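Coordinate inspection notes
For reference, the chains in residue letters:
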Amino acid sequence: MSRSNENPKTYWRNVATAKRSRLNVIDSRPGGGEFPAGAEELAVPPDGSTRRSFMGMLGATAALAGSATGCIRKPKEKIVPFADRPEDLVPGRALYYSTAVQLGPSVVGLSVESQDGRPTKVEGNRRHAGSQGGTDAWCQASVLELYDLDRTRTPWSVFNVAYAISSDEATAKKHATTKLCYDGVHNRVLADSRSVDRAREAANRCEKMIAERGRWSIERGEEGVKAALELDGDVQTSTPWDVLWTRLDAVFEAALKVKGAGLALVIHHSMSPTYRGLLRDFRAKYSEARIFRSDPTYPANAVAGAELVAGKGARVFHNLRRAKVILALDSDFLGTDQDHVRLAREYARNRRVKTPSDVMSRLYAVEPHLTVTGGQADNRLALRARDVGAFLAVVATQLVDKHKAKVAPGARSLAEAVEGASLNARATQWAKKVGDDLAANKGKAIIVVGERQPAAVHALAHFVNGLIGDTGAGVPGHVRFRYDVDAPQVESTALLGPGLNDGSIETVVCLGCNPAYDASGALGLGESLKQAKLLVHAGMHRDETGQLAHAHFPVTHYLEAWGDLESSDGSTTICQPLIAPLHEGKVEAGRVATPSLLEVLYRINHPGKPGSGHDIVKAYWGSEVTQGSKGGEVATRRWRRWLHDGVVSGIPRTFQVPKASMWEKAAAAYKSLRSEEGTEINFHIDPKVMAGRFSNNAWMQECPHPLTKLVWDNAAYIGPKLASSLGVSNGDFIDVKIEDRAVQLPVWIAPGQAPDTVSVTLGYGRRGLGAIAKDAGFDVNPLRQDLVSHFASGSVSTGSGSYELVSTQDFGSLDPDGPDGSPILFNYERRPIYRETDRPGFKKNPDFSQDGDLMPEERLKSLWDRPKLTGPHQWGMSVDLNTCIGCNACVVACQAENNIPTVGKGEVSVGREMHWMRLDRYYSGDPDEAEVVLQPVMCMHCETAPCENVCPVGATAHSPEGLNDMAYNRCIGTRYCANNCAYKVRRFNYFNYNLDLDPVEQMQKNPDVTVRFRGVIEKCSYCSQRITVAKSDAHVRQENKVSDGIIQTACEQACPTQAIVFGDISDPKSRVSRLKSFSRDYGLLTDLNTFPRTTYLARVRNPNPDLKNV
Amino acid sequence: MSAQIHTEDPLDPLSGRKVLAEGGVSFHDITEAVCKPVEDPPLMWWPAFLLSNVLLGVLGVSVLWLLWMGPGVWGVSSPVGWGWAIVDFVFWVGIGHAGTLISAVLFLFRQDWRTSINRAAEAMTIFAVVIAGMMPGLHTGRPWFDYWMFFLPNQMGVWPNFRSPLIWDVFAVGTYFTVSLLFWYMGLIPDLATMRDRARTPIRRMAYGVASLGWRSSTRHWVHYEKAYMLLAGLATPLVLSVHTIVSFDFAVAQLPGWHTTIFPPYFVAGAVFSGFGMVLTLLIPLRKWYRLEHIITIKHLENMAKIVLLTGSLVGYAYAMEFFIAYYSGNDYESFVFINRAFGDYAWAYWIMVTCNVITPQLMWFKKVRRSPAALFILSIFVNIGMWFERFVITVTSLHHDFLPSSWDYFSPTIWDVGLLVGTFGLFFFLFSLFCRFLPMIAIAELKSVMPQANPHYHAKEGEHE
């Protein structure tokens, strides 16, 4: 701390350190126990900083929400509370800090909850355009990423060092050798290969290498002879940070001298302006070096499509606020594509219908694989991905030929190029009808093309969007262009392999990317990387590339580091750390915190000079504020406001808006699209683990796939027809082959899959990543051509054997008899669980949602009177099935908020998943063109709850405010309540799932919620901890009631479409009461007289009547 | 005394009814026949006892593993929250019905033939109820807090929930066990005194002496005894009906389709009597052979029990049919689905095992030849046991596995620990029963004597017969 004023910009980090040390009462130093650690802060240091300023800093950080205030990691040893509590810091009260996260091509602004310095939960930042208060499942799971036990904690490198002290030199040398070859090399190889023989062989090799080229330095001191050994071996061992940096600094210094010749930097797709600024610096300093991007989530096709028609640097993003007709072409804009959180919210705006006359948008989805977007569509066409371009061409032709849309003179060539696209009759018919509808809604319609489609289709979509009234000129259109002026000039990873093979690249530095896994297909980077003379990898995990690398070192999680992120529409956030880096490496001089990627890149640019992330970011923004002139600074007030709001404001950043005008190039690109035959293999970003980022994240692994409900695995999704022609059923292996690359995958029959297509998802089959990712799924990257093509022609054949795939929902139909009717005599109606109609049906009968009831209300008799609930509030919830897209954000948010354990594949396979809320999925219609509906189900908080009267010990009882409370302490676990619950929302701890939690894992737990023991039932509590806090706050303010909207349940808060609303139903003006007064409102299984407090708004679809018989 | 099948039974010279102890045996012969094996056990006792010990070990391991790990070792899951433990509970409670029915109800109805079998049947009842009582206790998630189901004053002032059928269970099973135990012990006292009087070692004399509570067979003793016996019989009779009625409430009070039916109480009682007599047959047919008691537990006894099995089996069959009819007649989709699903769904195999064993095979007992063949009855009784276990399985599991929301449906598969528990309960049962055979007279000597022809004042011994 005493060095705090040496460099004022290290201020925040130091506060964190100081606060941490204040809690260590006993110091291990001799005499250190006399005064508490940090006591020196009380003395006035020579440079004038005082105890007063120290306390001031603490207070300021808390008050301004401006830093890593909470960076206290309470040690396991005895702790003492603050003797002088910083102002405004209430122990046990959470603080919220703004930051942002990048998820593939999307940036989501966040407000992160910090409990006593531990980030425990993320929420969307209402002020941030990319989030607007919503989040997705990935955002929610990103907290767990921080506490991942398999994160690398110290650097690992082949720059092996060891030392030993002994009385004589020979013994010391012997001990040092043993330490290195057995404690280091042997154990590492054993851990990696699980082969004793291989480990022994490596240890022997190590000894031999030491004899040949080990560098010894002998020191004689009081304790004896110290023999220090250095060896550039061939097995990674744990390496101290200073050793690592010394070596790397030397490498970069040497590279600087030759302007980076032979150096390759491999990066991920970063949306951080500072990072891009550092890349520009890198480019300037190492002009001969090459930069590659290895990121399967990078929207290469969308960017290429925009650049095709609007010139270099053009970027595109969508706005659905006013879109009344949306045509999604192979686009999962609600699930995995760019800006899905924002788009989901904008899409939902036009789906909240109260009366039949309300305006409602229409969504068409044309896609090969049923996604959440397809599930939400009013009309969906299952079409092979390679036909999507032709489909769009037919739409374009229909608009031009039939509806006489005005074609700009320059675009004639493109209009002509798309004439006469070949497509099957039904799809053609479909496309024409869609074209008619788009024409009829000129100016209110938009076409969204998914990243999976090639650039030419994106370019064509820009053309068609122009035809239907969206000029693409930016505001106020639906498709907006902007320039990404400082985008780094990077090369595709396809060129990295050849460079390595011909020896022009010798040193490869991978920053936050994993080319050995992502580009393992036709690019075969895993093999090429072995040619590198020096391979350095910086990443959170010792992943596939990290294992290959000569030096692998950890970097921070986004919640541990300073940074900034700019979303596609230009809103920018300064990202602040919520906690000091969890893992520190030991060096002799002290401890070194894990660096962030920004800091690593900075150090590469300035070898030997560690930079602090805070300084780097602040310096960058200083230069932005002063429009480029060096040395500018951001005013403290402004900086603090940016941090507080989570949005950079007050900088005039005028964009030059590119215009889509280069249609000839698009026409040429369209013409060059090849038409291929054979089974189509589709690659998708996985809705659970993304492309591998969340592979080691238990929440995402156990989160059911939005539609197939698979957990812990991926699979080859094929349609029922293809399955029967192959003669396979769920779990049977098939061989998927593209050219000479083959992979064996288990099958999962996915209704709605286009005929003769297979869909596979990325991110599984990880090797050596960690305990969670182990054995989860299958790696499909070997099949890929490159990171840009998302579908290819291949072949499938029946494989041998089968594999256990586990899904949380085995039965997908609401008609228990199946489509063919009941087995004998009896015949049933569809179960009135999910109620829906289309717009004409809604017009005809606005009360359609009541039709499903088995019995009119007056005929329902009860044995006893409905209990009178007397609380001042009556809590209730409304779930809008019209806007629920089934994205899983609520499921993971609930898990994060309520300390819900994950149980693993084996336990889920026997139906013991613990999720308090689930998304029930039901298919209907023809399996090949299946419609799908999703219904969130959590505790209904029935007023006459069937669970309550059967509990022998009264562990579950009703609160006067209508909550079905669960007293875990009282529960003895008879499971009678779970049996009697009609909604099956009660979960039981069959084992002690929380046993032996690592202290790091414990840090994520929400202290407001009990961590449940074995043998007790648990279930949704309407986030009663949040209700309690709000009520106590209201009480402090001397209010009798909590105002509407103050309490948000975790699911409600996370929901990107605001489909879930919680509130007081006794207040007729509350949002939830107003929603419940809609005619669409219905309760689930109300025939049982349960009087559920959670009700649903029945779904209204808006299909195009013209497509009915197509 | 031979094992041959009698086509006709010897008759009592005075009443003209069938004699209850064949072969013209005297009072002394009865005492000898019953007490001798206790004092000097037959060879078959040892293997039976050792085998039951092995099975008891299985129970021990299963229970310890369960307590150590948690109920997750079983196949129970969501939505099938109750699995084999509850199935076993209902199964054993059901078996526990025959004893008290024989000893109390038949006593009140002056069915003298009960005297040959009531002791063993009552013992069986007590052991079965012990096992049954164990099951719900083990089945909870935190068995160490099971005592919260009892009405114990506590500083929290928290009582069990009177509305929960599980609490009624605690009462019903608890009361039934207590009364059955008292009733059984009451009946044992005169015979324990006989054992005491015959004892050859001081330890036996002491043990039986203490247990027989100073019985001296005085007239005053007999007067008191018979009054108390009658009173207890009166007390126990309604319990026969109540205990399984209340066990059936565990299901009937829940709202689950397939459970929520008014037919459950009578149907469960009929099923319980059915399974109880099934188990009595299973136990006594080998025992009468090993212990050479074929002249006391005669073919006529077996035939009587077979008739009850036939009757209650048919009642159960009627209940199955009625359930289907009501499910159809109710017009409730959920209800009718559950029954169609039972018969033709995933667990159709279990359902048809149940119907075969409970309804179809007992119909063979319409044939007198079958009723009078110990071997045939033994096989049929095994079928009854299997069928009744499956009945509880079908009720518990098929109703749970497919209920209201198809999204939650799942298939239940037991684990090795479910099987271990079931096998282990048989271990405990046979362990206790073999101890019973070893140390206690398994036929009510005093009672049997009282219904023998010799007990009639008008009886005159024929020549060559013992007085």
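Being a predicted model, the structure only gives us computed values, none of them experimental. (Residues numbered from 1 in each chain as written. Chains lettered and ligands numbered in written order. Predicted model: local features only at pLDDT ≥ 70, side-chain atom pairs only at ≥ 80, totals over all residues. Heavy atoms only, no water.)

1. Regarding the overall build of chain B
Broken down by element type, chain B carries 16 helices and zero strands. Its C-alpha radius of gyration of 23 Å places chain B within 12% of the 23 Å reference for a compact globule of 467 residues. In chain B, which comprises 467 residues, the share counted as buried stands at 61%. For chain B, the exposed area adds up to about 18,800 Å²; of that, 70% sits on carbon and sulfur atoms. Taking the 30 positively charged and 31 negatively charged side chains of chain B as two groups, their mean positions are separated by 8 Å. (Helix = DSSP H or I, 4+ residues; strand = E, 2+ residues; numbered from the N terminus. Rg over C-alpha atoms; globule rule 2.2 N^0.38 Å. Buried < 20%, exposed > 50% of the residue type's maximum accessible area, 1.4 Å probe, protein only. Areas by Shrake-Rupley, 256 points an atom, 1.4 Å probe, with all protein chains shown as cover. Lys, Arg positive; Asp, Glu negative; His and termini not counted. Charge placed at Lys NZ, Arg CZ, Asp CG, Glu CD.)

2. Thoughts on the state of the cysteines
The term disulfide refers to a covalent linkage connecting the sulfur atoms of a pair of cysteines. Residues and elements named next belong to chain A. The final tally for this structure, using the stated rule, is one disulfide over all chains. A disulfide-free cysteine, C890 has its sulfur positioned 6.1 Å from the sulfur of C887, the nearest such atom. With a relative accessible area of 9%, C890 lands in the buried category. Not engaged in a disulfide, the cysteine C981 finds its nearest cysteine sulfur in C947; these two sulfurs lie 6.3 Å apart. Since its relative accessible area comes to 7%, C981 is described here as buried. (Disulfide = S-S within 2.5 Å.)

3. A short note on the sheet that holds strand β2 (residues 106-115) of chain A
Residues and elements named next belong to chain A. On the basis of which strands lie adjacent, the open sheet formed by three strands has the order β1-β2-β3 and antiparallel pairing. Across the chains shown, the open sheet's two edge strands, defined by having one partner strand only, are β1 (95-103) and β3 (118-124). Between one strand axis and the next, the sheet turns by 35° as a mean value, whatever way the strands run. (Pairing = 2+ DSSP bridges. Axes fitted to C-alpha atoms, helices over the stretch in contact; angles between N-to-C directions.)

4. So, the sheet that holds strand β39 (residues 1060-1064) of chain A
Strands pair in a sheet through their backbones, by hydrogen bonds, and they do so in one of two ways: parallel or antiparallel. Residues and elements named next belong to chain A. With mixed pairing, four strands are arranged side by side in an open sheet as β39-β32-β41-β40. The open sheet terminates on both sides in strands that have one partner only, identified here as β39 and β40 (1081-1082). Where strand β32 (residues 875-880) and strand β41 (residues 1094-1097) come together, four bridges link them in parallel fashion. Following the sheet pairing, S878 is matched in β41 by T1095.

5. Describing the pattern of salt bridges
Residue and element names in this part refer to chain A. Per the counting criterion, the structure on display carries 61 salt bridges over all chains. Put simply, E201 and R205 hold a salt bridge, and the shortest N to O gap is 3.7 Å. One end of the pair, E201, and the other, R205, are both in helix α5 (residues 196-213), four residues apart, so they sit about a helical turn from each other. When the shortest N-O distance is used, the salt bridge between R1071 and D1044 registers 3.5 Å. Remark: D1044 occurs in the loop between α31 (1024-1036) and α32 (1050-1054) and R1071 occurs in helix α33 (residues 1071-1076); sequence separation between them is 27 residues. (Salt bridge = Lys/Arg side-chain N within 4 Å of Asp/Glu carboxyl O.)

6. What to know about the interface of chain A and chain B
On the chain B side, the residues contacting the 58 residues of chain A number 61 residues. Between chain A and chain B the total buried area reaches about 5,000 Å² when both faces are included, carbon and sulfur atoms providing 58% of it. Along the contact surface separating chain A from chain B lie one salt bridge. In this structure, K984 of chain A and D403 of chain B form a salt bridge, with 2.9 Å as the shortest nitrogen-oxygen distance. Where chain A touches chain B, the interface holds 32 residue pairs in polar contact (both at pLDDT 80 or more). Mapped by element, the contributors of at least two residues to the side of chain A that touches chain B are β33 (918-924), α28 (946-950), α29 (976-980) and β37 (987-988) of chain A. Considering each element in turn, the side of chain A that touches chain B owes the most residues, four residues, to α28 of chain A. Its residues assigned to classes, the side of chain A that touches chain B shows 32 nonpolar, 13 polar and 13 charged. (Contact = heavy atoms within 4.5 Å. Buried area = accessible area lost by both parts, 1.4 Å probe. Polar contact = N/O pair within 3.5 Å; in protein donor to acceptor, adjacent residues only side chain to side chain. Nonpolar A, V, L, I, M, F, W, Y, C, P; charged D, E, K, R; others polar.)

7. Focus: the packing of aromatic side chains
Overall, the coordinates contain 80 aromatic pairs over all chains when judged by the stated rule. Relative to F694 of chain A, the ring of W138 of chain A lies with its centre 6.4 Å away and its plane at 5°, an arrangement referred to as stacked. Pair noted here: W138 of chain A is in helix α3 (residues 137-146) and F694 of chain A is in the loop between β23 (679-684) and α23 (698-702), with a separation of 556 residues, a long-range link. Taking relative accessible area as the criterion, W138 of chain A reaches 3% and is therefore assigned buried. Centroid distance F49 of chain B to F431 of chain B: 5.7 Å. Interplanar angle 25°. Geometry classified as stacked. With a gap of 382 residues between them, F49 of chain B in helix α2 (residues 45-69) and F431 of chain B in helix α15 (residues 416-439) connect regions that are remote in the sequence. Classification of F431 of chain B by relative accessible area gives buried; the value is 18%. Taken together, the ring pairs connect F91, W92, F127, W184, F426, F429, F430, F433 and F436 of chain B into an aromatic cluster. Positioned above the aromatic ring of F1091 of chain A is the side chain of R866 of chain A, whose terminal nitrogen or guanidinium carbon lies 3.9 Å from the ring centre. (Phe/Tyr/Trp six-rings, centres within 6.5 Å; stacked < 30°, edge-to-face > 60°. Lys NZ or Arg CZ within 6 Å of the ring centre and 35° of its normal.)

8. Notes on helix α7 (residues 273-285) of chain A
Over its 13 residues, α7 of chain A runs 18 Å from end to end, which matches the ideal 18 Å to within 8%, given 1.5 Å per residue. Here α7 of chain A has its buried residues at P273, T274, Y275, R276, G277, L278, L279 and F282 of chain A. (Expected span 1.5 Å × (residues − 1).)

9. A look at the pairing of strand β28 (residues 757-761) of chain A
All names here are of chain A. Of all five residues that make up β28, five are buried, and the element is covered over most of its length. Burial of β28 is two-sided: the residues T757, S759 and T761 facing one way and the residues V758 and V760 facing the other way are all buried. Relative to β28, β23 is paired through five bridges, and the arrangement is parallel. When the bridges of β28 are listed, H684 appears paired with T761.

10. Structural notes on the nonpolar core
Grouped together as the largest cluster of nonpolar side chains are 289 residues, with contacts concentrated most on Y983 of chain A together with F393, F433 and F436 of chain B. The element best represented in this core is helix α9 (residues 264-290) of chain B, accounting for 15 residues. V388, A390, I447 and V457 of chain A belong to the second-largest nonpolar core, a separate cluster that totals 57 residues. (Core = buried A, V, L, I, M, F, W, Y, C linked by side-chain atoms within 4.5 Å.)

11. Observations concerning the environment of A439 of chain A
Residues and elements named next belong to chain A. When you line up the elements, A439 lands in helix α13 (residues 425-440). In sequence terms A439 and Q398 are 41 residues apart; their C-alpha atoms lie 9.1 Å from each other. Once you skip the residues sitting within four places of it in the chain, A439 turns out to touch L399 and H403.

12. What about the packing of helix α5 (residues 118-139) of chain B against helix α6 (residues 165-198) of chain B?
All names here are of chain B. At a closest axis distance of 10 Å, the pairing of α5 and α6 adopts a crossing angle of 145°. In this structure, α5 meets α6 at a crossing whose hand is left-handed. The segment α5 lies against α6, with R119, E122, A123, T125, I126, V129 and V130 engaging V173, Y176, F177, S180, L181, F183, W184, G187, L188 and D191. Of the residues assigned to the contact of α5 with α6, the class counts are eleven nonpolar, three polar and three charged. (Left-handed = near helix turned anticlockwise from the far one by under 90°.)

13. Things to note about unusual backbone geometry
A negative phi holds for most residues other than glycine; trans holds for most peptide bonds. Between S78 of chain B and the following residue, P79 of chain B, the backbone shows a cis peptide bond with an omega angle of 10°. Structurally, P79 of chain B can be placed in the loop between α2 and α3 (84-95). Residues other than glycine seldom take positive phi values, yet M690 of chain A does so here, at roughly 60°.

14. Some points on the confidence of the model for chain A
Of all residues in chain A, 88% have pLDDT values of 70 or greater, and the mean over the chain is 83. Low pLDDT, under 50, characterises residues 1-46 of chain A; the stretch is placed with 63 contacts to residues that sit more than four places away or in other chains. (pLDDT = per-residue confidence, 0-100.)

15. Concerning the packing of helix α20 (residues 613-625) of chain A against helix α21 (residues 636-645) of chain A
Residue and element names in this part refer to chain A. Two numbers describe how α20 lies on α21: the axes approach to 12 Å, and their chain directions differ by 115°. Taken together, the axes of α20 and α21 lie roughly perpendicular to each other. Note on packing geometry: the crossing formed by α20 with α21 is right-handed. Contacts between α20 and α21 involve H614, V617, K618, W621 and V625 from the former and R638, W639 and W642 from the latter. Broken down by class, the residue content of the contact of α20 with α21 amounts to five nonpolar, one polar and two charged. (Parallel < 35°, antiparallel > 145°, perpendicular 65-115°, else oblique.)

16. Let's talk about the side chain of D1064 of chain A
Residue and element names in this part refer to chain A. As for its position among the elements, D1064 is in strand β39. Classification of D1064 by relative accessible area gives buried; the value is 7%. A polar contact of 2.7 Å, which involves the side chain of D1064, links it to the side chain of S1066. When neighbours within four sequence positions are excluded, D1064 is seen to be in contact with P872, H873, Q874, W875, K1041, S1070, V1072 and S1073.

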